[in-house]
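Single-letter residue listing:
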2 protein chains.
Amino acid sequence: MKRLLIASTSTLHESGYLEYLRQDLAQLFSGCKQILFIPYARPGGISEDAYTEKAQVFFKSLGILLKGIHTFKDPIKAIEEAEGFFTGGGNTFLLVKQLYQHQVLEPLRNAIFDGTPYLGTSAGSNICGVTMQTTNDMPIVYPPSFKTLGVVPFNINPHYLDPDPNSNHMGETRETRIKEFHTQNSLPVIGLREGSWLDVQGESIILRGNLSARIFKQSKTPFELDSGLKIDLTLA
Amino acid sequence: MKRLLIASTSTLHESGYLEYLRQDLAQLFSGCKQILFIPYARPGGISEDAYTEKAQVFFKSLGILLKGIHTFKDPIKAIEEAEGFFTGGGNTFLLVKQLYQHQVLEPLRNAIFDGTPYLGTSAGSNICGVTMQTTNDMPIVYPPSFKTLGVVPFNINPHYLDPDPNSNHMGETRETRIKEFHTQNSLPVIGLREGSWLDVQGESIILRGNLSARIFKQSKTPFELDSGLKIDLTLA
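First, a word on scope: everything that follows refers to the structure included in this document. The structure displayed is predicted, hence computed values, not measured ones. (Residues numbered from 1 in each chain as written. Chains lettered and ligands numbered in written order. Predicted model: local features only at pLDDT ≥ 70, side-chain atom pairs only at ≥ 80, totals over all residues. Heavy atoms only, no water.)

Broken down by element type, chain A carries seven helices and 11 strands. The C-alpha atoms of chain A give a radius of gyration of 17 Å, which matches the 18 Å a tight globule of 236 residues would have. Looking at chain A as a whole, 58% of its 236 residues qualify as buried. For chain A, long-range pairs separated by at least 24 residues make up 69% of all intrachain contacts whose partners lie at least 6 apart in sequence. (Helix = DSSP H or I, 4+ residues; strand = E, 2+ residues; numbered from the N terminus. Rg over C-alpha atoms; globule rule 2.2 N^0.38 Å. Buried < 20%, exposed > 50% of the residue type's maximum accessible area, 1.4 Å probe, protein only. Contact = heavy atoms within 4.5 Å.)

Right, dumping it as structure tokens:
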């Protein structure tokens, strides 16, 4: 049975790294002694080692050892033998390019479907969707495909941001960008606000956190989904 | 001699479409009776016809007929015979995918180098850079390459937005995104704020408008370039 925690962000304003998810993560990874960290997205360009150290500090406080996939000689084997996964945020293009390059996308998908628990934040959540095409990130590298894990039957927009009624900025709002996505694609999109996450247990997907999420379907008016509610699979 | 006006945005807050550029456009396109419009980026998903009509209204007021490239049977011939070009904003991925699909990227580049005047706004400006990899847009389609016109020897970030010191949002700032670009690429990037444009005459590139631009070079601290100044080609 699939078990995932798919979070909009790793960090809430004025809170420590992953702190707001502490209880849920203790539960998700209960029984795990060691988990595998995928630092490929490298936020702000930090090194994979530095990123792994940051994540290690948090997981150590849960009594869990965290190891970076980049330290394994055989990353596919590392995926297959992992007790749990955490894919951190950063640049989604960089993350996806490397998942393809190291040929770990398919093994990771299989392990998740086999029930190995998975935590994603930001870019690490974006890749849980069918494609990465609702990322907010810059295309700093060219991945061989935009297809991602597809462990949920829709796309995810992390760090979802409501239009600012006071802004004079003429760049596209997030809602406009997702509308543009739907001129070319039929997949539903969930705009996950910071502080929200998806709690996936098998076929059940429940929205968690204090806020509602915004659901976008092709040719439909976007609507809000309240926290605590199941995400209806007719979305797909 | 190349002649381009490469603008961050088509429209300033509380001003009409292209109005702030009226005088400069009259000069850029002086002598042109008809110009070719490239509406492929389709902002907000509007149709190519509707987008063309919008641009037609403005250019009619300059006494210039504007025709959409999508109305020509042979788009390559339309490019080769054009007296001037305007590529409007919208989604850069969609724009670039279609430039490749219709095989007009190379003919357009040749025409610009031969001196046919070119106006770009937003996505239409982004493609003047060496690659489209500093776009802000969502990857709603998968183009065959990120390589673009390269009529200036650097990359452009349109709608450049300064970090908001009052924001609690944890998504990456524009500066962080460009920093991530520079972990993978060595091309300089110009962050063009709304109301700014590049005035290109042959090898001379001058920043115009009321604001400064922000220049990002790999492994260097970003700095401001004042309006009215030439952009030094050692940038490349």
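Let us keep going from here.
Residues and elements named next belong to chain A. One open sheet accounts for four strands, arranged E6-E7-E10-E11; its pairing is mixed. The two strands at the open ends of the sheet, each matched to only one other strand, are strand E6 (155–160) and strand E11 (223–225). Taking each pair of neighbouring strands and ignoring which way they run, the sheet shows an average axis angle of 30°. As paired strands, strand E7 (residues 189–193) and strand E10 (residues 213–216) are joined by three bridges and run antiparallel to one another. Residue Gly-191 lies in a different strand from E10, and its bridge partner there is Arg-214. (Pairing = 2+ DSSP bridges. Axes fitted to C-alpha atoms, helices over the stretch in contact; angles between N-to-C directions.)

Attention now goes to the environment of B:Val151. Tracing the sequence through the fold places B:Val151 in the loop between helix H6 (123–126) and strand E6 (155–160). With sequence-adjacent residues up to four places away left out, B:Val151 is seen in contact with B:Lys2, B:Leu4, B:Ile112, B:Phe113 and B:Cys128.

Each copy of the sequence occupies a distinct position, and chain A is placed on chain B by a rotation of 180° and an axial shift of 0.0 Å, giving an RMSD of 0.0 Å. The symmetry that links the two subunits is that of a two-fold axis. In this assembly the copies share their binding face: 100% of the residues contributing to the interface of chain A also contribute to that of chain B. (Least-squares fit on C-alpha atoms with pLDDT ≥ 70 in both.)

Bringing helix H4 (residues 92–101) of chain B into the picture now. Of all 10 residues making up H4(B), seven are buried, and the element is well covered by its neighbours. Every buried residue of H4(B) is accounted for by B:Thr92, B:Phe93, B:Leu94, B:Leu95, B:Val96, B:Gln98 and B:Leu99. Check the buried side of H4(B) and you find it contacts helix H4 (92–101) of chain A together with strand E2 (34–38), helix H2 (48–60), strand E4 (85–87), helix H5 (105–113) and H6 of chain B. With a side-chain oxygen lying 2.9 Å from the backbone nitrogen of B:Phe93, the N-terminal cap of H4(B) falls on B:Asn91. Looking one or two residues past H4(B), B:Gln103 carries a phi angle of roughly 55°, positive in sign. (Polar contact = N/O pair within 3.5 Å; in protein donor to acceptor, adjacent residues only side chain to side chain.)

A word on the interface of chain A and chain B. Between chain A and chain B, the contact holds 47 residues from the first and 47 residues from the second. Taken together, both faces of the contact between chain A and chain B bury some 3,800 Å²; the carbon and sulfur share is 58%. Looking only at chain A, the three residues that lose the most surface to chain B are A:Met138, A:Tyr142 and A:Met170, adding up to 19% of its buried area. Our enumeration of links across chain A and chain B arrives at two salt bridges. Between the two partners, chain A and chain B, sit 18 residue pairs in polar contact (both at pLDDT 80 or more). Put simply, the parts of the chain that give the side of chain A that touches chain B at least two residues each are H4, E6 and helix H7 (174–182) of chain A. Looking at the side of chain A that touches chain B residue by residue, the class counts come to 18 nonpolar, 21 polar and eight charged. (Buried area = accessible area lost by both parts, 1.4 Å probe. Salt bridge = Lys/Arg side-chain N within 4 Å of Asp/Glu carboxyl O. Nonpolar A, V, L, I, M, F, W, Y, C, P; charged D, E, K, R; others polar.)

Our focus in this paragraph is the nonpolar core. Taken as a class, soluble globular proteins show a tendency for nonpolar side chains to be buried jointly. Ranked by size, the top nonpolar core spans 100 residues in total, and within it A:Ile79, A:Tyr118, A:Leu198, B:Ile79, B:Tyr118 and B:Leu198 carry the most contacts. If sequence neighbours within four positions are ignored, B:Ile79 has contacts with B:Leu36, B:Ile38, B:Ile69, B:Phe85, B:Val104, B:Pro107, B:Leu108 and B:Ala111. (Core = buried A, V, L, I, M, F, W, Y, C linked by side-chain atoms within 4.5 Å.)

Our next topic: the side chain of B:Thr52. Residue position: B:Thr52 is located in helix H2. Each residue touching B:Thr52, except ones within four places of it in the same chain, is listed here: B:Phe37, B:Pro39, B:Leu66, B:Lys67, B:Gly68 and B:His70.

Turning to the environment of B:Ile140, a few remarks are in order. Considering the arrangement of structural elements, one finds B:Ile140 in the loop between H6 and E6. For B:Ile140 and B:Thr92, which are 48 residues apart along the polypeptide, the C-alpha to C-alpha distance reads 9.3 Å. Residues contacting B:Ile140, with those up to four places away along its chain left out, are A:Gln133, A:Arg177, A:Glu180, A:Phe181, A:Thr183, A:Gln184, A:Asn185, B:Asn91, B:Phe93 and B:Leu94.

Geometrically, a pair of aromatic rings is defined through the distance of the ring centres and the angle of the planes. Counted under the stated rule, the structure contains 22 aromatic pairs over all chains. On the numbers, 5.0 Å between centres and 40° between planes, the contact of A:Phe37 with A:Phe86 is tilted. A residue pair is termed long-range when its members are at least 10 positions apart, and A:Phe37 in strand E2 (residues 34–38) and A:Phe86 in strand E4 (residues 85–87) qualify at 49 residues. With centroids separated by 5.2 Å and ring planes inclined at 25°, the aromatic side chains of A:Tyr142 and B:Tyr142 adopt a geometry described as stacked. With one member in each of two chains, A:Tyr142 in the loop between helix H6 (123–126) and E6 and B:Tyr142 in the loop between H6 and E6 form a pair that bridges those chains. Overall, the relative accessible area of 27% leaves A:Tyr142 in the partly exposed class. (Phe/Tyr/Trp six-rings, centres within 6.5 Å; stacked < 30°, edge-to-face > 60°.)

Structurally, the position occupied by B:Arg42 is in the loop between E2 and H2. In this structure the C-alpha to C-alpha distance between B:Arg42 and B:Leu95, which are 53 residues apart in sequence, comes to 8.0 Å. Not counting residues within four places of it along the chain, the set of residues in contact with B:Arg42 comprises A:Glu180, A:Thr183, A:Gln184, B:Ser47, B:Glu48, B:Tyr51, B:Gly89, B:Gly90 and B:Leu94. Within the structure, the side chain of B:Arg42 is placed 2.8 Å from the backbone oxygen of B:Ile46, a separation counted as a polar contact.

Moving on: the pairing of E2(A). Residues and elements named next belong to chain A. Most of E2 sits out of view: four of its five residues are buried. Judged from the four bridges that link them, E2 and strand E3 (residues 65–68) form a sheet pairing that is parallel. Among the inter-strand pairings, Ile-35 is bridged to a residue of E3, identified as Leu-66. Crossover E2 to E3 through helix H2 (residues 48–60) is right-handed. (Right-handed = clockwise from strand over helix to strand, strands pointing away.)

This brings us to unusual backbone geometry. At A:Ser219, a residue that is not glycine, the phi angle is positive and equals roughly 60°. By secondary structure assignment, the location of A:Ser219 is in the loop between E10 and E11. Relative accessible area serves as the criterion here: at 76%, A:Ser219 is assigned to the exposed category. You will see that B:His159, though not glycine, has its phi angle at about 50°, which is positive. Mapped onto the fold, B:His159 is located in strand E6.

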